[in-house]
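Each chain, letter by letter, is given below.
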Amino acid sequence: MPMIELRNVSKWYGSFQVLDDCTTSVGKGEVVVVCGPSGSGKSTLIKAVNGLEPFQKGEIVVNGVSVGDPKTDLPKLRAHIGMVFQNFELFPHMSITRNLTLGQVKVLGRSQEEAEAKGMKLLDRVGLLSQKDKFPGQLSGGQQQRVAIARALSMDPIAMLFDEPTSALDPEMINEVLDVMVELAREGMTMMVVTHEMGFARKVAHRVVFMDHGQIVEDCTKDEFFGSVRSERAQTFLSKILHH
Amino acid sequence: MLEFDWGVIWKYRESLWDGMLTSLQLFAIALAGGIFFGTLLALARLAPWKLVSVPAAGFVNLIRSIPFIMAIFWFYFLTPVIVSKFTGQQGEAVGPFTSAVVAFIMVESAYYSEIVRAGIQSIPRGQPAAAYALGLNYWQSMGHVVLPQAFRNMLPVMLTQAVILFQDTSLVYVVALKDFLGAASKAGQLTGRIVELYIFVAVVFFILCFLASHAVKRLQARLAAGR
Ligand SMILES: Nc1ncnc2c1ncn2[C@@H]1O[C@H](COP(=O)(O)OP(=O)(O)OP(=O)(O)O)[C@@H](O)[C@H]1O
Ligand SMILES: [Mg+2]
């Protein structure tokens, strides 16, 4: 059974269809990269996985739990799915340490000491232990995103969702974030990553999903995708992003 | 030929001071109650459940579209009626001060709820989304993530509204509660020195509110610099 499974998911904003019959899955330990032009529905799709975006048709099952079921305890489900956002979304009024412990203490019920020990271990892992008492605004974009990854990991997630984690970063900071993600992938974390970083996809992705106009146009292995892309739309897209 | 006799102020200092204490008490209770219930109203208005948000919006819009003085009259006369309905006590059991407090809290909570709502909406949507993604529920996300940031943004506007509220406490004069203005008025009637006393009231209000506005400006500058 896959860790994340989407079956015929559709979503409309009024009469505008953002997601059109999307079906795909992410197995345990698998890394799936989602790409596609702006406005194609990538963010909407990945946010549907942890119930941040409701959808009208189809089914999403994460670790055996149906996300769309009104009876599902969404906070409980989300507590074990890490999410990393394009704009980091660290809590600016809290120190880095508090950012790392808030969820552990309030949601998982860990003690402050336990949460801090865990948080500091992860902060060290992303190379930012010395910043623990600072506030998010005092860190560079790349540092903030690494803290955001550590924050997600502090909840012991069974899977990680990334929505364009490097697209708000200055070019010289992209790699420090990608390095952390590559390491995670190599350790066997289940990951669904919206990104245009094809270098990352080549390095660690198992599969690539290509979206356009709310549809999943391609869903194939990395080698198939970079080898002989079948759809013309994906071909055009790839040639565009590989040229800048 | 006008001849002022400022001695009356000294002569009536005790009743004026009592009046000021009443005004300050009303102000403090109305401010605390207004912010507390205003925050609840704002949360109710923004809650994802229509059963909660629609009545809250109705209440706020009703209060905001009638003159403050009318609302005071209303709650002033309504509160004793409602209290006697529920407790079986006589309406007179509720004094003018309590009625005025209820009226002020009702009205101020409607005003403050709009300030809090604007403050909440000024926080980027990614913030609650990140809180939810960690597994926090609606109330935790509001309490730990959204409201603390919103209050910081709202502080200057809230203090400005507090200054207005302090001035508005003089409206209780219409329900014969002896606040600062009421005390001055009474002294004026007794001595015929109403002009001196009203000038005194105006000067005191001016000084207090001027100092407060000045403090708000400084706070605003400090918050802006701290960004
Ligand atoms: N609240 C909303 N109401 C109406 N339309 C929306 C709303 N949110 C998103 N959309 C539309 O849905 C489409 C998909 O948006 P989405 O953010 O998922 O795209 P995306 O693939 O992530 O794009 P990008 O690369 O720019 O992040 C877009 O056309 C967008 O304009
Ligand atoms: Mg997006």
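That block above? That's the structure.
Rules and cut-offs
- Residues numbered from 1 in each chain as written.
- Chains lettered and ligands numbered in written order.
- Predicted model: local features only at pLDDT ≥ 70, side-chain atom pairs only at ≥ 80, totals over all residues.
- Heavy atoms only, no water.
- Axes fitted to C-alpha atoms, helices over the stretch in contact; angles between N-to-C directions.
- Helix = DSSP H or I, 4+ residues; strand = E, 2+ residues; numbered from the N terminus.
- Parallel < 35°, antiparallel > 145°, perpendicular 65-115°, else oblique.
- Left-handed = near helix turned anticlockwise from the far one by under 90°.
- Contact = heavy atoms within 4.5 Å.
- Nonpolar A, V, L, I, M, F, W, Y, C, P; charged D, E, K, R; others polar.
- Buried area = accessible area lost by both parts, 1.4 Å probe.
- Salt bridge = Lys/Arg side-chain N within 4 Å of Asp/Glu carboxyl O.
- Patch = residues over 30% accessible without salt bridge, like charges linked within 9 Å, V, L, I, M, F, W, Y side chains within 5 Å.
- Areas by Shrake-Rupley, 256 points an atom, 1.4 Å probe, with all protein chains shown as cover.
- Buried < 20%, exposed > 50% of the residue type's maximum accessible area, 1.4 Å probe, protein only.

All names here are of chain A. Two numbers describe how helix 3 (residues 96–106) lies on helix 5 (residues 141–153): the axes approach to 8 Å, and their chain directions differ by 25 degrees. By the angle between their directions, the pair helix 3 and helix 5 is classed as roughly parallel. You can see that helix 3 and helix 5 cross each other, and the crossing is right-handed. Contacts between helix 3 and helix 5 involve Ile96, Asn99 and Leu100 from the former and Val147, Ala150 and Arg151 from the latter. Tallied by class, the residues present in the contact of helix 3 with helix 5 amount to 4 nonpolar, 1 polar and 1 charged.

What follows concerns the interface of chain A and chain B. Across the boundary between the two partners, chain A contributes 21 residues, which contact 16 residues of chain B. Counting the surface lost from both chain A and chain B, the interface buries some 1,500 Å², and carbon and sulfur atoms represent 69% of this. When the area that chain A buries against chain B is broken down by residue, the three leading residues are Glu89, Phe91 and His93 of chain A, summing to 30%. Inspection of the chain A/chain B interface yields 0 salt bridges. Sorting the residues of the side of chain A that touches chain B by element identifies helix 2 (74–78), strand 6 (81–84) and helix 3 of chain A as the ones contributing at least two each. It is helix 3 of chain A that provides the largest number of residues to the side of chain A that touches chain B, a total of 4 residues. When its residues are assigned to classes, the side of chain A that touches chain B shows 13 nonpolar, 3 polar and 5 charged.

The next subject is a nonpolar patch on the surface. Residue and element names in this part refer to chain B. On the surface, Leu62, Ile69, Met70, Phe73, Trp74, Phe77, Leu78, Ile82, Phe86, Tyr173, Val174 and Tyr198 cluster together into a nonpolar patch covering about 1,100 Å² of accessible area. When residues in the nonpolar patch are grouped by element, the largest group, 8 residues, is from helix 4 (residues 68–87). Examined against the element boundaries, Tyr198 turns out to sit in helix 9 (residues 194–226). Judged by its relative accessible area of 34%, Tyr198 falls in the partly exposed class.

Turning to the pattern of salt bridges, a few remarks are in order. Counted according to the given criterion, the structure contains 14 salt bridges over all chains. As a salt-bridge pair, Arg125 of chain A and Glu183 of chain A come within 3.6 Å of each other at their nearest N and O atoms. Taken as a pair, Arg125 of chain A in helix 4 (residues 112–125) and Glu183 of chain A in helix 6 (residues 171–186) lie far apart in primary sequence, 58 residues in all. Taking the shortest distance from any N to any O, the salt bridge between Glu196 of chain B and Arg193 of chain B comes out at 3.2 Å. In this structure Arg193 of chain B comes out as partly exposed when scored by relative accessible area, which is 27%.

Let us look at the environment of Phe37 of chain B. Residues and elements named next belong to chain B. Within the fold, Phe37 resides in helix 2 (residues 13–46). Residue Phe37 is classed as partly exposed on the basis of its relative accessible area of 39%. Separated by 133 residues in sequence, Phe37 and Ser170 place their C-alpha atoms 22 Å apart.

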